[in-house]
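So you can see what is in the structure, the chains are spelled out below.
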Amino acid sequence: MSTLSAPRKQRTPIRPARVLLHTFLVVTALAWLAPLLWALLAAMRPYAETSDKGYVSWPDKLTFDNFTNAFQQSDMLHYFGNTLLIAVPAVLLTLLLSSMVAFYVSRFDFRVNLFLLLVFTAGNLLPQQVIITPLYRLYLLIDLPGITMSGKLYDSALGLVLIHVAFQSGFCAFVLSNYMRSLPHELTEAALVDGASVWRLYWQIVLPLCKPAMAALATLLSIWIYNDFFWAIVLISTGENMPITSALNNLSGQYFTDPNLVAAGALLTAIPTLIVYFALQRQFVSGLTLGANKG
Amino acid sequence: MTATPAKAPEPAAPPAPGPGPTSRPAKTPHGHRRLLTRRDRITLGLMAGVPTILHVTLVWLTALASIALAFTTWDGIGFGSIKWVGLQNFRELFTSNPQFWPAVEHNVIWFVVLILLPTPFGLFLAVQLDKKIRFSRVYQTAFFLPVVMSLAVIGFVWQLIYNPDTGLINSLIGANKPGHYIDWIGDPDLNLWAVLVAASWRHAGYMMILYLAGLKGVDPALREASALDGASEWQTFKNVIFPTLRPTNTVVLVVTIIEALRAFDLVFVFNKGAQGTELLSILVTNNIIGESSRIGYGSAIAVVLLVISLAVIIPYLIATFRKERRA
C-alpha cells in the first residue's frame, strides 16, 4: 500500500491538474460509498415512515431502533458466538499447520518440496464447488458421537474449522514459504550445527522471525473465514449452528417485508470486519499483496 | 500423495567453499539434511505430514472423488445404490440440461465483464492514487471497503438498491409503482447485469490494491528518465510503467478468472441462481441443498468446473514455480 512519504510535508502550489484529480476522486469515492450510505440511511429510518413517504424522501427522524431490533430479534449475539467458535481455532490452526509445511519446504532441500508446495497452492485455487459434493457426503459419513452436537462432522463447528484449515493452508503455506526462504540460511544452519533440534529451529528461530507475515495472514484469514458463506450454507443444516453471515440469510428470509430491518442486520454483520480492517489495515493489505506480488 | 517421509540422506551438496557464509549465493543447496538426527526426521515428517494429510484428504481426494462420482448415479443413501453409468451424466448435461449452457455462458460473461470494466478502472484508480496525493489513504479506504465485506452482505446491500418497490433505482426513476416496476432481480434479461454491477463494485477495489502494490515496485528512476525525455504522462504509463507491471497483470488475470469461476455468494443471496443468473457453482450447490440429491449429476458439473479451473491454475503455477526455481 502506498504510504505518504516524508517529504510530502511542504505544501505544493495548487495546480489545476491536482484540483481536477481531487474532484474526480472525491466524486468517485462518494459514488463508491453510496450503496453503503444508502443501506445506512434505510437502516436508520422506521419502516412506517418509509412505507408512507417512500424511500427517496427527507427523513423525519433517524434512530438506531432497527439495529437494536435486528440484534435482539435475531439473537445475533448467539451467531456472532458461533462465528467466533469457528474462526478463532480455524485461524490459529491454519497458521500453525501452514507454517510447519512452509518450514519443511523452504528450509530443507527434500525432493518432494516443490511438488508438495504445488499441491497446497493449487488446492487453494480450486473453486470450492469442485469438492463440495463428496465433501458433503464424507461429512455425513463421519460419526462423532459425543464430540459434536450433531453426532457427525456434518452440521458442526468442527467440520467448518477443518475445511477452512485444509483449504486456507494452501495460500498460507505458499506465502510463508516464500517468506521463510528469504531468511538467511546461516541462521538455522548455525543452530543445527550446534545441535538444536528441528523443532527448536522452527519454534524458536524461524517462527518468531515470521511475525510480520503471520500477522498479515492472520488478519486476512480472520476476514475471509468470518465472511465465509458457502461452506456454512452447505455444511451446516441447523439454523442454530450457523455462523453470522449465513444466519443473516435466514434473518432476511424472515423479515423480508421490512427492508430497513434487513439493512440494519446486514450492516451489523459487517461491523466486525470493518473494525478489523480499520485497526489492522496495513497488515490486511500487505497480506493480500504478499501472495500476489510473487507471481 | 499423503505423508512425506524424509528420505535417506542423499549425498549432500559439497559445503560451499569460499570466503565466508555471507558471500554464499542463496541458490546453493543448503546442507541441512546431513545434520538431521532420527528424531529430527520424525519431527519433520510429522510437521509436513499432518497438514498434508488434512489438505490432501479434504481437498484433493474429494476432487478425485468428484471425478469418480461424475461417472455414476447415486442417491446418497448407502453405497449400494452407486451405479456406474459411464458418460451418461455428461451426455445429459451437454445435451438436455436447460441450465447448463446458460450457466457456462454466464460464467464467461462474468469473467469478460470483470476483466474489461472494473479491472482497468482499478488500474486507473491505482495510477491516480500512486501520485503521492493528499488523503490518498482516505480514497483508498472508500474504494477498498467493499472488498473487506462479505459477498453475502454485499448482496443484501444491493438488494436494497434493486428492490422493485422500495429500491433506490426504481424510486429515483419513478418505476416503483405497480404496473411500472422494473424487476432488476427477477427479470432474466436484467438480473445478471444487476449482479455484475455489484460484483464489479467490489472487484475494482480489489484490483486497485493489487495494482497499487505493483506500482510501488516500479523503479522511480524509470519514471524520472521518462520525464526527462519529455514523455507525456500517458506515454510514460503506456511505454514505461505498464510493461513493468507484467507480473501484476498475470496475477490480476488469474485472480479474475478464478473469481469468475468461484462466483456464488452474490447470486445465491440475490435469487438463488434462478432464471437469468445460472452459474456452474450454483448448479453444483443446488444438487446438494436442493430437494434433488443427484450426486453423480452434480459431480459431473463440478468436473466441468474442475477442468476449466485446472486449465488456468496449472500453467499459472508452472510459470510461477519455474521463476521461483530460478530466483
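Remember, it's a predicted structure, so these values are computed and weren't measured experimentally.

Here we come to the overall build of chain B. Check the secondary structure of chain B and you find 14 helices and two strands. In chain B, buried positions account for 52% of the 327 residues. Sequence separation of at least 24 residues holds for 65% of the intrachain contacts in chain B that already meet a minimum separation of 6. Of the accessible surface of chain B, which amounts to about 15200 Å², a share of 65% is contributed by carbon and sulfur atoms.

This part is about the overall build of chain A. What chain A contains, in helices and strands, is 14 helices and zero strands. Sequence-ordered secondary structure for chain A, helices as α and strands as β, is α-α-α-α-α-α-α-α-α-α-α-α-α-α. A compact globule built from 295 residues would reach a C-alpha radius of gyration of about 19 Å, whereas chain A, at 24 Å, exceeds it by more than 25%. Projected onto the principal axes, the alpha-carbon positions of chain A cover approximately 80 × 70 × 30 Å. Within chain A, the proportion of its 295 residues that are buried is 57%. Relative to all contacts within chain A whose residues are 6 or more apart in sequence, the contacts with residues 24 or more apart total 70%. Of note, chain A has its 17 positive side-chain charges centred 16 Å away from the centre of its 14 negative side-chain charges.

Before going further, it helps to spend a moment on unusual backbone geometry. Backbone geometry at D155(A) places phi at a positive 65 degrees, although glycine is not the residue there. Here D155(A) lies in the loop between α6 (129–141) and α7 (157–181).

Attention shifts here to helix α1 (residues 16–43) of chain A. Residue and element names in this part refer to chain A. The end-to-end C-alpha separation of α1 is 40 Å, in line with the 40 Å expected for 28 residues at 1.5 Å each. Its axis deflected by about 45 degrees at A34, α1 carries its strongest bend there, up to four residues before the proline P35. Of all the residues in α1, the buried ones are L21, H22, L25, T28, A29, W32, P35, L36, W38, A39, A42 and A43.

Each partner contributes residues to the interface: chain A has 112 residues there, and chain B has 113 residues. Carbon and sulfur atoms supply 74% of the area buried between chain A and chain B, which totals about 10600 Å² over both sides. Between the two partners, chain A and chain B, sit zero salt bridges. Across the contact surface, chain A and chain B share 15 residue pairs in polar contact (both at pLDDT 80 or more). In terms of residue count, the dominant contributor to the side of chain A that touches chain B is α1(A) (14 residues). Along the lines of polarity and charge, the residues of the side of chain A that touches chain B split into 73 nonpolar, 27 polar and twelve charged.

Residues and elements named next belong to chain A. According to UniProt, the feature "transmembrane region" (unreviewed entry) maps to residues 20–41, 84–105, 112–136, 156–180, 201–226 and 261–280 in the numbering used here. This span, residues 20–41, is 100% helix and 0% strand, and a straight line between its end C-alpha atoms measures 29 Å. Within the segment residues 84–105, helix and strand shares are 100% and 0% respectively, and the terminal C-alpha atoms sit 31 Å apart.

With that out of the way, let us pick up the packing of helix α4 (residues 76–107) of chain A against helix α1 (residues 38–69) of chain B. For the pair α4(A) and α1(B), interaxial distance at closest approach is 8 Å and the crossing angle is 125 degrees. Taken together, the axes of α4(A) and α1(B) lie oblique to each other. The element α4(A) and its partner α1(B) pack so that their crossing is left-handed. Along the contact surface, α4(A) presents L97(A), M100(A), V101(A), F103(A) and Y104(A), while α1(B) presents L44(B), M47(B), A48(B), V50(B), P51(B) and L54(B).

Once that is clear, we can look at the UniProt feature "transmembrane region" (unreviewed entry) in chain B. All names here are of chain B. Cross-referencing UniProt, the feature "transmembrane region" (unreviewed entry) maps to residues 42–71, 108–129, 141–161, 192–213, 251–270 and 295–318 in the present numbering. In residues 42–71, the share of helix is 93% and the share of strand is 0%. The end C-alpha atoms are 40 Å apart. In residues 141–161, helix accounts for 90% and strand for 0%; the two terminal C-alpha atoms are 22 Å from one another.

Residue and element names in this part refer to chain A. Looking at the element boundaries, Q168 is found in helix α7. Overall, Q168 belongs to the buried group, its relative accessible area being 12%. Dropping the residues within four chain positions of it, Q168 is found in contact with T94, N124, L221 and W224.

This part covers the pattern of salt bridges. Residues and elements named next belong to chain A. Taken as a whole and assessed by the stated rule, the structure comprises seven salt bridges over all chains. Here R45 makes a salt bridge to E49, at a shortest N to O gap of 2.7 Å. With a relative accessible area of 1%, R45 lands in the buried category. Accessibility expressed as a relative area gives 9% for E49, which makes it buried. Here D143 ties to K152 by a salt bridge, and the two come within 2.7 Å at their closest N and O atoms. Overall, the relative accessible area of 26% leaves K152 in the partly exposed class.

Here the structure, examined in full by the defined rule, presents 38 aromatic pairs over all chains. Ring plane angle 85 degrees and centroid distance 5.5 Å describe the contact between F103(A) and F108(A), whose orientation is recorded as edge-to-face. Its relative accessible area of 0% is what places F103(A) among the buried residues. Taking the relative accessible area as the measure of exposure, F108(A) reaches 2% and is therefore buried. These aromatic residues form a ring-pair network of at least three members: F103(A), Y104(A), F108(A), F110(A), W199(A), Y202(A) and W203(A). Sitting over the face of the ring of W74(B), R137(A) holds its NZ or CZ atom 5.4 Å from the ring centroid. Across from the ring centre of F268(B), 4.9 Å away, lies the NZ or CZ of K272(B), which sits over that ring.

This paragraph deals with the confidence of the model for chain B. Parts of the prediction with low pLDDT should not have their coordinates interpreted in detail. All names here are of chain B. With 88% of its residues at a pLDDT of 70 or more, chain B shows a mean pLDDT of 86. Mean pLDDT in chain B bottoms out at helix α9 (residues 220–228), which sits at 88, and peaks at helix α3 (residues 100–116), which reaches 97. For residues 1–29, every residue scores under 50 in pLDDT, and the model assigns this stretch 30 contacts once sequence neighbours within four places are set aside. Here the complex is predicted with pTM 0.89, and the ipTM for its interfaces comes to 0.90.

This paragraph deals with the nonpolar core. In summary, soluble globular proteins display a tendency toward joint burial of nonpolar side chains. In this structure, W231(A), L235(A), W110(B) and F144(B) are the most contacted members of the largest nonpolar core, which totals 200 residues. Among the elements that line this core, the one with the most residues is helix α8 (residues 191–216) of chain B, at 16 residues. Two domains share this core, each providing at least three of its residues, namely domain 1 (25–62) and domain 2 (66–290) of chain A. Those residues within four positions of F144(B) in sequence are excluded, and the remaining contacts are Y277(A), F284(A), V285(A), L288(A), G205(B), Y206(B), M208(B) and I209(B).

Criteria and cut-off values
- Residues numbered from 1 in each chain as written.
- Chains lettered and ligands numbered in written order.
- Predicted model: local features only at pLDDT ≥ 70, side-chain atom pairs only at ≥ 80, totals over all residues.
- Heavy atoms only, no water.
- Helix = DSSP H or I, 4+ residues; strand = E, 2+ residues; numbered from the N terminus.
- Buried < 20%, exposed > 50% of the residue type's maximum accessible area, 1.4 Å probe, protein only.
- Contact = heavy atoms within 4.5 Å.
- Areas by Shrake-Rupley, 256 points an atom, 1.4 Å probe, with all protein chains shown as cover.
- Rg over C-alpha atoms; globule rule 2.2 N^0.38 Å.
- Lys, Arg positive; Asp, Glu negative; His and termini not counted.
- Charge placed at Lys NZ, Arg CZ, Asp CG, Glu CD.
- Expected span 1.5 Å × (residues − 1).
- Bend = angle between axes of the 7 residues up to and from the residue.
- Buried area = accessible area lost by both parts, 1.4 Å probe.
- Salt bridge = Lys/Arg side-chain N within 4 Å of Asp/Glu carboxyl O.
- Polar contact = N/O pair within 3.5 Å; in protein donor to acceptor, adjacent residues only side chain to side chain.
- Nonpolar A, V, L, I, M, F, W, Y, C, P; charged D, E, K, R; others polar.
- UniProt positions renumbered as here; feature names shortened; annotations may be inferred.
- Axes fitted to C-alpha atoms, helices over the stretch in contact; angles between N-to-C directions.
- Parallel < 35°, antiparallel > 145°, perpendicular 65-115°, else oblique.
- Left-handed = near helix turned anticlockwise from the far one by under 90°.
- Phe/Tyr/Trp six-rings, centres within 6.5 Å; stacked < 30°, edge-to-face > 60°.
- Lys NZ or Arg CZ within 6 Å of the ring centre and 35° of its normal.
- pLDDT = per-residue confidence, 0-100.
- Core = buried A, V, L, I, M, F, W, Y, C linked by side-chain atoms within 4.5 Å.
- Domains from an automatic or database assignment.

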